[in-house]
Amino acid sequence: MRRQYDYLIVGSGLFGATFAHLAAKEDKKCLVIDKRTHLGGNIYCEFNHGINVHKYGAHIFHTSNRLVWEFVTSLVEFNRYTNCPVANYKGELYNLPFNMNTFNRMWGVKTPAEAKAVIDSQRKEVMERLAGAEPANLEQQALMLVGSDIYYKLIKEYTEKQWGRPCDELPAFIIRRLPLRFVYDNNYFNDCYQGIPIGGYNRLIDALLDGIECKTDTDFFADRLYWESVADKIVFTGKIDEFYGYRFGRLQYRTVRFEEELVDTPNYQGNAVVNYTSHREPFTRVIEHKHFESFGDAVYDNPVTVISREYSTEWVDGLEPYYPINDAVNSECYSKYKRLADAETSVIFGGRLAEYRYYDMAPIIEKVLNLFQK
Ligand code: FAD
Ligand code: UDP
């Protein structure tokens, strides 16, 4: 018997919305449901005093994949925002990612050779200790990459606040995401393309879901049997452990609490992102949202500003699950769910919750584009 829809898409985040968009282009009938009161998942923005506030954390789109960039820019126009965060260590300000501006401020060095010489002298000890072996944890990896001054001022305490664990108990790969450059370049990303949709991310979601039937405030699990009956296939972007009734246990996450404040000044911190890298402040970052979309003197067109302080904490049920914890216990637990998922014929699992994997936005889109190419 033919069902009402070709696809029921559970979750209207970037994975679900992109999937629905591409399926509709192939004349498939889709229904998108989301348990939140709005569409867009974690890229959703709320308009507050003329400013698009990134409700689930600051989102900067960046990619080197031309097809992904062409896809998103065919839907919405992007601005020229380039992420150049500043680190505040007990009142001292440093440019991120680690580059010649950082080294100049830290040691007064002016040339790449001088900077390399300082870093080499500071990483000697850990190099000798490792004697050619791979760094076993984040602390060793960071000391190897940038030496002790940068590790102690800009990495150690920030990372411990963010992950809630000592650096020598964290995997080395986390810190390898951060660029290290011996040029004067404060661009946080190495990618060719970067920006924010003009008018905010909701425009991207609206363009992706244009003409597609969507229901918000609708939890798949509240009436699972009904939802399973409406479509030939389900695209599930929620939590995979929940889909399987937590039968192998619960996967763990880190979460972030956002403390939002409307400040009666046009320009609070002069930059979109300021990282607080010491334990002195309990928050990791302060985001000033207007800087994502207004540049130069345009910042002063709006007399107020909205900031969010980010507090990273352990996740418990009821909070938003943000960052998967890819340690051995959780990876083993996920692999059991994955085996069940791989055997499903009428359910496609995708996105950061269903795949229990940290994904940036561009790789999510790339993944869905690839699914449709196949
Ligand atoms: P989500 O956006 O989480 O969407 C899943 C949707 O499914 C949600 O709307 C949820 O409500 C819904 N759902 C779940 N369960 C159910 C259910 N049972 N019934 C109905 N609906 C359900 N990426 C970048 O490229 N750049 C950045 O700067 C960046 N910053 C980030 C900052 C933070 C704090 C976080 C957490 C992520 C960041 N990302 C960034 C990553 C980006 O958010 C993800 O790549 C993207 O949102 C993933 O989309 P998704 O569809 O997989 O998941
Ligand atoms: N990091 C740090 N100091 C900073 C910014 C980042 O030590 O000022 C470390 C931290 O361990 C973090 C990792 O670098 O988890 C990756 O940073 P990124 O900004 O990519 O992480 P995100 O916040 O996007 O997860």
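A short tour of the structure in this document, coming up. (Residues numbered from 1 in each chain as written. Chains lettered and ligands numbered in written order. Predicted model: local features only at pLDDT ≥ 70, side-chain atom pairs only at ≥ 80, totals over all residues. Heavy atoms only, no water.)

Overview of the side chain of asparagine 48
The cut-off we apply is this: Put simply, DSSP H or I for four residues or longer makes a helix, DSSP E for two residues or longer makes a strand, and each gets a number counted from the N terminus. Any residue under 20% of the maximum accessible area for its type is buried, any over 50% is exposed, and the rest in between are partly exposed; the area is computed with a 1.4 Å probe on protein chains only. Any two residues whose heavy atoms approach within 4.5 Å at even a single point are treated as in contact.
Locating asparagine 48 in the fold gives a position in strand E3 (residues 45-48). Judged by relative accessible area, which is 17%, asparagine 48 ranks as buried. Residues within four places of asparagine 48 in sequence aside, it is in contact with Val53, Glu260 and Val306.

Remarks on the pairing of strand E4 (residues 51-54)
The cut-off we apply is this: In this analysis, strands are considered paired if DSSP registers two or more bridges between them.
Across the two faces of E4 the burial is the same, with Ile51 and Val53 and Asn52 and His54 all buried. Pairing of E3 with E4, which is carried by four bridges, proceeds in the antiparallel orientation. Counterpart to glutamate 46 in the pairing with E4 is valine 53. The antiparallel hairpin formed by E3 and E4 contains two residues in its connecting segment, where histidine 49 sits at a positive phi of about 50°.

Some details on the site of ligand 1
In plain terms, the rule: Note on terminology: near, applied to a residue and a molecule or strand, indicates that one of the residue's heavy atoms is within 4 Å of it. Side-chain atoms alone can form a polar contact between residues adjacent in sequence; in general such a contact is a pair of N or O atoms within 3.5 Å, and within protein one must be able to donate a hydrogen while the other accepts it. Exposure was quantified through the Shrake-Rupley algorithm and a 1.4 Å probe, taking into account, for residues, occlusion by the shown protein chains and nothing else.
Around ligand 1 there are 30 residues in total, and Asp34, His59, Arg352, Tyr359 and Met361 lie nearest to it. With respect to ligand 1, the backbone of phenylalanine 15 contributes an N or O atom lying 3.0 Å from an oxygen atom. A distance of 3.0 Å separates a nitrogen atom of ligand 1 from a polar side-chain atom of aspartate 219. For ligand 1, whose accessible area on its own is 1000 Å², the fraction buried by protein is 97%.

Concerning helix H3 (residues 100-107)
Here is the rule we go by: In this context, the arc is that of the directions from the helix axis out to the C-beta atoms.
Every buried residue of H3 is accounted for by Met100, Thr102, Phe103, Met106 and Trp107. Looking straight down H3, one finds that the buried residues subtend no more than 155° of arc, so they occupy a single side. Where H3 is buried, its residues contact strand E7 (92-95), helix H4 (112-130) and helix H5 (138-163). The N-cap residue of H3 is asparagine 99: its side-chain oxygen and the backbone nitrogen of asparagine 101 are 2.9 Å apart. Just downstream of H3, glycine 108 is the residue with a positive phi angle, here 75°.

Quick word on the sheet that holds strand E12 (residues 273-276)
Spatially, E7-E6-E12-E13-E14-E11-E15 is the arrangement adopted by the seven strands of the open sheet, whose pairing is mixed. Here the strands that pair on one side only, and so sit at the sheet edges, are E7 and strand E15 (323-324). Here strand E6 (residues 86-89) runs beside E12; their pairing, made up of three bridges, is parallel. For alanine 87, the partnering residue across the bridge sits in E12 and is asparagine 275.

Brief notes about unusual backbone geometry
The linkage connecting leucine 96 with the following residue, proline 97, adopts the cis geometry, with an omega of -10°. On the secondary structure map, proline 97 appears in the loop between E7 and H3. For alanine 131, which is not glycine, the phi torsion reads 45° and is therefore positive. For tyrosine 356, which is not glycine, the phi torsion reads 45° and is therefore positive. Mapped onto the fold, tyrosine 356 is located in the loop between strand E16 (347-349) and helix H11 (361-373). The exposure class of tyrosine 356 is buried, given its relative accessible area of 3%.

Observations regarding the site of ligand 2
Rule in force here: Throughout, the ten residues Ala, Val, Leu, Ile, Met, Phe, Trp, Tyr, Cys and Pro are labelled nonpolar, Asp, Glu, Lys and Arg are labelled charged, and all others, Gly among them, are labelled polar.
Lining the immediate environment of ligand 2, one finds 15 residues, of which Leu154, Thr159, Trp163, Tyr188 and Asn275 sit closest. At a separation of 2.9 Å, a nitrogen atom of ligand 2 approaches a polar backbone atom of leucine 154. Between tryptophan 163 and ligand 2, the recorded distance is 3.0 Å, taken from a side-chain N or O atom to an oxygen atom. Summarising the interface, the protein chains cover 92% of the accessible area of ligand 2, which totals 520 Å² for the free molecule. Of all the secondary structure elements, the ones that give two or more residues to the shell around ligand 2 are H5 and helix H6 (173-176). When residues in the shell around ligand 2 are grouped by element, the largest group, six residues, is from H5. For the shell around ligand 2, a count of residues per class yields 10 nonpolar, four polar and one charged.

Here's the deal with the pattern of salt bridges
Note the threshold: Throughout this description, the term salt bridge denotes a Lys or Arg side-chain nitrogen within 4 Å of a carboxyl oxygen of Asp or Glu.
Tallying each qualifying case throughout the model produces 19 salt bridges. A salt bridge links glutamate 355 to lysine 367; its shortest N-O distance comes to 2.7 Å. Placement of the pair is glutamate 355 in the loop between E16 and H11 and lysine 367 in helix H11, with a sequence separation of 12 residues. Overall, the relative accessible area of 33% leaves lysine 367 in the partly exposed class. By sharing partners, the salt bridges in this structure join Glu46, Lys55 and Glu260 into a single network.

Digging into the pairing of strand E13 (residues 285-288)
The alternating pattern of E13 places Arg285 and Ile287 on one face and Val286 and Glu288 on the opposite face, and all of these are buried. Sheet topology places E12 next to E13; three bridges connect them, and they run antiparallel. Counterpart to asparagine 275 in the pairing with E13 is arginine 285. The pairing of E13 with strand E14 (residues 305-314) spans four bridges and is classified as antiparallel. Note on E14: the bridge partner recorded for arginine 285 is glutamate 310.

Quick word on the nonpolar core
Which entries qualify depends on this criterion: Note on terminology: a nonpolar core comprises buried Ala, Val, Leu, Ile, Met, Phe, Trp, Tyr and Cys residues joined through side-chain atoms within 4.5 Å.
Counting residues in hydrophobic clusters, the biggest one holds 44 residues, and the most contacted among them are Ile9, Leu14, Phe19, Phe61, Val72 and Phe292. Per-element tally for this core: the top contributor is helix H1 (residues 14-25), with seven residues. Residue contacts for isoleucine 9: discarding those within four places in its chain leaves Gly16, Phe19, Ala20, Cys30, Leu31, Val32, Ile33 and Val235.

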